[in-house]
Amino acid sequence: EIEAKYTKKMQVLRDELDLRRKTEIHEVEERKNSQISELMRNHEKAFGDIKNYYSDITLKNLALISLLKEQMEEMKKKENHLEKEKADVLLQNKQLKEPLQQAQEQVSELQKKLAHYNKDKEALTNTKARLKVTQKELKDLQWEHEVLEQRFSKVQAERDELYQKFTKAINEVQQKTGFKNLLLERKLKGLLSVLEKKEVELSEVFAASNLDPGALSLVSHKLEDVLNSKNATIKDLQFQLARVCKAHNDMLQTFEAKLTAFGIPLDNLGFKPLASPVLGQ
């Protein structure tokens, strides 16, 4: 039961941690999507600024070209200089574009590192808090384990004491019932032998005496009465013997049931109980 209890606790803790992990992943996904959206807006703004910048340059160049066309004759001497200046400007723009892109990439990388750092810091804090809770639960479980071990030792000692008491009781009852059965059997055998002797003596008396039929009938009736009394005594003794044997066997069955209820194997008795056979079976 304790193992099932704490297995259930562990499962609840796992479900809670899994839900917390899913929540944190969801929050990270939301932060990531917001950062992506912000980067896209920044890139679009930068692209618009560059586009406007080049549009302004193109307009200026067109205006300059128009002006140069109108002043072509006057400005032929300056044309080569302007072309060179234009090439320099384009080269400068290209050179400025590459560092800008590198700076944007560096900013994006630094933002990602910052997000990971904050996430790792928060995860570390949560892990420390869970570690403290888990350590406290571990101490509580260790204390409960020690208490249960003490209770188990006490119950085991009580079981051994009950086992010794039952063994002693069964030995005493078995000795008493065995002795009583032996006395009853001897008494029954003695009465049967006496009855046989009496029958033999009676037969000899009938054979030796020449009694008339009336006296013989009277003697026979008295003898039958005596025999019936003796038979009743024999049946009563047999009934008592059967009752004692049955009580002994019932006591053995009760003792075996008690041992089974306490979880003690019957082989641990060290001897095999003697079941008394019921007379007539």
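Below or above, wherever it landed, is the structure these notes cover. (Residues numbered from 1 in each chain as written. Predicted model: local features only at pLDDT ≥ 70, side-chain atom pairs only at ≥ 80, totals over all residues. Heavy atoms only, no water.)

A few points about the overall build of the protein
From N to C terminus, the protein includes three helices and zero strands. In the protein, the succession of α and β elements from N to C terminus is α-α-α. With 281 residues in all, the protein has 12% of them scored as buried. Sequence separation of at least 24 residues holds for 84% of the intrachain contacts in the protein that already meet a minimum separation of 6. Total accessible area computed for the protein in this model is approximately 23300 Å², and 58% of it derives from carbon and sulfur atoms. (Helix = DSSP H or I, 4+ residues; strand = E, 2+ residues; numbered from the N terminus. Buried < 20%, exposed > 50% of the residue type's maximum accessible area, 1.4 Å probe, protein only. Contact = heavy atoms within 4.5 Å. Areas by Shrake-Rupley, 256 points an atom, 1.4 Å probe, with all protein chains shown as cover.)

Quick notes on the side chain of N93
Here N93 is to be found in helix α2 (residues 72-208). By relative accessible area, which is 5% here, N93 ends up buried.

Looking at the layout of surface pockets
Its boundaries defined by the atoms lining it, the largest pocket holds a volume of some 400 Å³. Lining the largest pocket are 18 residues, and of these L64, I65, L68, L82 and E83 sit closest to its centre. Put simply, the parts of the chain that give the lining of the largest pocket at least two residues each are α1 (2-70) and α2. Here the lining of the largest pocket gets 10 residues from one element, more than from any other, and that element is α2. (1 Å grid on protein atoms, 1.4 Å probe; cavity = no way out; pocket = protein on both sides within 12 Å on 5 of 7 lines; lining within 4 Å. Points joined across faces, edges and corners; volume = space filled by probe spheres on them.)

A short note on the packing of aromatic side chains
One pass over the full model with this rule turns up one aromatic pair. Ring centres of Y53 and Y54 lie 5.6 Å apart, and the angle between their planes is 75°; on these two criteria the pair is classed as edge-to-face. Of the residues examined, Y54 reaches a relative accessible area of 30% and is grouped as partly exposed. (Phe/Tyr/Trp six-rings, centres within 6.5 Å; stacked < 30°, edge-to-face > 60°.)

Side note on α1
Helix length check: α1 (69 residues) gives 100 Å between terminal C-alpha atoms against 102 Å at 1.5 Å per residue, within 8%. Regarding α1, the residues found buried are Y6, L39, A46 and I57. (Expected span 1.5 Å × (residues − 1).)

Some points on the nonpolar core
In terms of nonpolar packing, the biggest core is built from five residues, these being L184, L237, L241, V244 and C245. If one sorts the elements of this core by residue count, helix α3 (residues 213-261) sits on top with four residues. (Core = buried A, V, L, I, M, F, W, Y, C linked by side-chain atoms within 4.5 Å.)

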